[in-house]
Amino acid sequence: MPVKTTAEQHQPGNPIFSKERRRLAHARFATVLKILNEPRRWISVWFLSYALLGAISSGLLPILLPLMIVGLTHHLSWVAYVMGGFNLGLLSSPLWGFLADSKQWHRPVFFTGFLMLIIALALMPFLPGLLPWSLLALLAGAGTSAVATVASLFIVEFDPKDHWESRLGWLQTFNGAGQVVGLLVASAFVANFKMGLICSALALIPAIWLGAKGLPAAAKRFDWSAEIGNQMRREIDWRLLANFGRPELLGGGVMRFSHHLSLRGGKRFKEVLSTRFGRFLFSWFAVAFGVAAFFAYFPVAMQKAYSVAPALTSSVYAVTAAVALILYSVGGQLSGKFGAGRVYRWSLIGRLLGFAVLLAVFFTPIPKTFVALLGFALIIAVWPLQSISGTTLTARLTPFSQGAAMGLFNASGAVATVLGTFLGGPLVQFIGYPALSAMAIVGIILGWLSGHNLQAENVPLATEASANATARSTI
């Protein structure tokens, strides 16, 4: 029998070739399965309840509430007061963190938060008026804050330390995905606010069931001589967490990692006033203050001032936010290459251009609807760059622990959002919708100016970190 040559052995019809091809295909398939199964290590079923929270509090409410208030009352200033009440409720995070940690009431706080939100949403369509709406919005914000606060504590206090970053990142990713879905769903209810709020309340009922099914029943035992807050400050790598997507939320992003550290970090505010970290906090505060009124009014403003249908506004917001998720990883790479301070100012320039377009529409003969949508999409698209660079700057510039710095960072944006939202009411009432873009432009310019030279942009990050460590060792 003649011996086959090497070329003949590797012909497609040859059994040896087919066996090798099957082996390679099987190896590739196993690799794909491993990649797809990796998230299962970090994801729990109760993450779906947090996704529902994101869909309602970050997707449906920011669209439906302003439209309902203006549609039923025609009082523009009421939007600021009601949405301001919601943002004020979000600032209750330290209370929920205290109850969870001191009383071990993690599950009761979690479920109570959902019940508060359900009650507020269910009653809003039937109790019209500024005071009832503001109080119910306050209740909804407090409920949202309760769930968000305990959600992060469930991971930090119930899971091993080496799981914290991955699980917190996936938790926030679920919340961001929920926001995108909520914005898309909101377009179906813009003509029927009552039905939209009732359906929102009903949609949260499965969240309670998912939480009851998936949440841990009891906290792990810890050595309370080194309590959990100190462990968080020492061991969570906030710069790593910045690589995970988070939506831009009402309350200045207070839902990102809401916990009692915000209160403790506030006690150290005097230490940062004269530092670069202090200048960064002022910059973040100014930007959050400036854009707060726009994000309270945006569905109404896009409809009344720019002739953009609310359904189109929510759809563009959802699609842009989903596409922009890639910018979180890109922003991390850019921050590593050019410095987080430079990327932060680039993001502010992007937002400045977006708001400048929205303001220019009022004074130039350009097509309002199309140009306004471009400006709006740009404002949303650059948020990932601002978020990741801001989080990285917080970790790099802080003169004390990263956890306490994150508390100040979140608190500065949250308080600025509350104040800016309340101020937006009178401005819109007396000046009109151009005041929203003008206020945002002023805040962003102040933030851009105070954000200059926050770090040595021409020094590689690793080198800069080493230099800082050497400097601290010689003091």
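### As for the nonpolar core
For soluble globular proteins, the rule of thumb is that nonpolar side chains tend to be buried together.
Working step 1: Counting 120 residues, the largest nonpolar core has W46, F110, F277, F280 and F355 as its most contacted members.
Working step 2: Setting aside its immediate chain neighbours within four residues, W46 contacts F110, A151, F154, I155, R167, L171, L210, G211, G214 and L215.

### Overview of a nonpolar patch on the surface
Working step 1: A contiguous nonpolar patch, built from L88, L91, L131, L135, L138, V415 and L419 and spanning about 580 Å² of accessible area, is present on the exposed surface.
Working step 2: If you list the elements that add at least two residues to the nonpolar patch, you get α7 (130–158) and α20 (402–430).
Working step 3: Top element by residues in the nonpolar patch is α7. It accounts for three residues.
Working step 4: Along the chain, the position of L131 falls in helix α7.

### Considering unusual backbone geometry
Working step 1: In this structure, H74 is a non-glycine residue whose phi angle is positive, near 65°.
Working step 2: Within the fold, H74 resides in the loop between α3 (47–73) and α4 (76–90).
Working step 3: A positive phi angle, close to 55°, is found at N453, a residue other than glycine.
Working step 4: Structurally, N453 can be placed in the loop between α21 (434–450) and α22 (461–474).

### So, the packing of aromatic side chains
Any aromatic ring pair is given by two values, namely how distant the centres are and how the planes are angled relative to each other.
Working step 1: Scanning the model with the defined rule gives 25 aromatic pairs in all.
Working step 2: Measuring from ring centre to ring centre gives 5.5 Å for F280 and Y344, while their planes differ by 70°; the resulting arrangement is edge-to-face. With a gap of 64 residues between them, F280 in helix α14 (residues 276–304) and Y344 in helix α17 (residues 340–360) connect regions that are remote in the sequence.
Working step 3: When its relative accessible area of 0% is taken as the criterion, F280 is described as buried.
Working step 4: According to the relative accessible area criterion, Y344 is buried, its value standing at 0%.
Working step 5: Both rings, one in W284 and one in W383, keep their centres 6.2 Å apart while their planes meet at 50°; by these two values the pair is tilted. Placement of W284 in helix α14 and of W383 in helix α19 (residues 383–397) is noted, with a sequence separation of 99 residues between them. The two residues W284 and W383 agree in class, both being buried.
Working step 6: By way of ring pairs, the aromatic residues W46, F47, F110, F111, F114, F154 and F174 are connected into one cluster.
Working step 7: When the ring centre of W448 is taken as reference, the NZ or CZ atom of R345 above it lies at 3.8 Å.

### A word on the environment of L281
Working step 1: Among the secondary structure elements, L281 is positioned in helix α14.
Working step 2: When the C-alpha atoms of L281 and S450 are compared, they prove to be 9.3 Å apart, with 169 residues separating the residues in sequence.
Working step 3: Setting aside chain neighbours within four positions, we find L281 in contact with V272, L408, F409 and S412.

### What about the packing of α3 against α14?
Working step 1: Where α3 contacts α14, the two axes come as close as 7 Å, and the packing angle between them is 60°. Here α14 runs oblique to α3, going by the angle between their axes. Once α3 is placed against α14, the crossing between them reads as right-handed. Each of P62, I63, P66, L67 and V70 in α3 lies in contact with α14, whose residues at this interface are A296, F298, P299, V300, Q303 and K304.
Working step 2: A per-class count over the contact of α3 with α14 returns nine nonpolar, one polar and one charged.

### Some thoughts on the side chain of S49
Working step 1: Considering the arrangement of structural elements, one finds S49 in helix α3.
Working step 2: According to the relative accessible area criterion, S49 is buried, its value standing at 0%.
Working step 3: Polar contacts involving the side chain of S49 include one to the main-chain carbonyl oxygen of W46, which spans 2.5 Å.
Working step 4: In this structure, S49 is in contact with F110, F114, A207, L210 and G211, ignoring residues within four places of it in sequence.

### Digging into the environment of M439
Working step 1: Relative to the helices and strands, M439 is located in helix α21.
Working step 2: Sequence separation between M439 and V287 is 152 residues; the distance between their C-alpha atoms is 9.7 Å.
Working step 3: Non-local contacts of M439, meaning those with residues more than four positions away in its chain, are made with F289, G290, A293, G420, L423 and L427.

### Points about the side chain of Q386
Working step 1: Along the chain, Q386 turns up in helix α19.
Working step 2: Aside from chain neighbours lying at most four places away, what touches Q386 is W284, V287, Y344, S347, L348 and R351.

### Section: helix α10 (residues 205–214)
Working step 1: By the burial criterion, the buried members of α10 are A207, L210 and G211. Viewed along the axis of α10, the buried residues span an arc of 100°, placing them on a single side of the element. Structural note: α10 exposes W209 and K213 on the side pointing more than 90 degrees away from its buried face.
Working step 2: Against the buried residues of α10 lie α3, α6 (106–123) and α9 (193–203).

Rules of the game
Residues numbered from 1 in each chain as written. Predicted model: local features only at pLDDT ≥ 70, side-chain atom pairs only at ≥ 80, totals over all residues. Heavy atoms only, no water. Core = buried A, V, L, I, M, F, W, Y, C linked by side-chain atoms within 4.5 Å. Buried < 20%, exposed > 50% of the residue type's maximum accessible area, 1.4 Å probe, protein only. Contact = heavy atoms within 4.5 Å. Patch = residues over 30% accessible without salt bridge, like charges linked within 9 Å, V, L, I, M, F, W, Y side chains within 5 Å. Areas by Shrake-Rupley, 256 points an atom, 1.4 Å probe, with all protein chains shown as cover. Salt bridge = Lys/Arg side-chain N within 4 Å of Asp/Glu carboxyl O. Helix = DSSP H or I, 4+ residues; strand = E, 2+ residues; numbered from the N terminus. Phe/Tyr/Trp six-rings, centres within 6.5 Å; stacked < 30°, edge-to-face > 60°. Lys NZ or Arg CZ within 6 Å of the ring centre and 35° of its normal. Axes fitted to C-alpha atoms, helices over the stretch in contact; angles between N-to-C directions. Parallel < 35°, antiparallel > 145°, perpendicular 65-115°, else oblique. Left-handed = near helix turned anticlockwise from the far one by under 90°. Nonpolar A, V, L, I, M, F, W, Y, C, P; charged D, E, K, R; others polar. Polar contact = N/O pair within 3.5 Å; in protein donor to acceptor, adjacent residues only side chain to side chain. Arc of directions from axis to C-beta.

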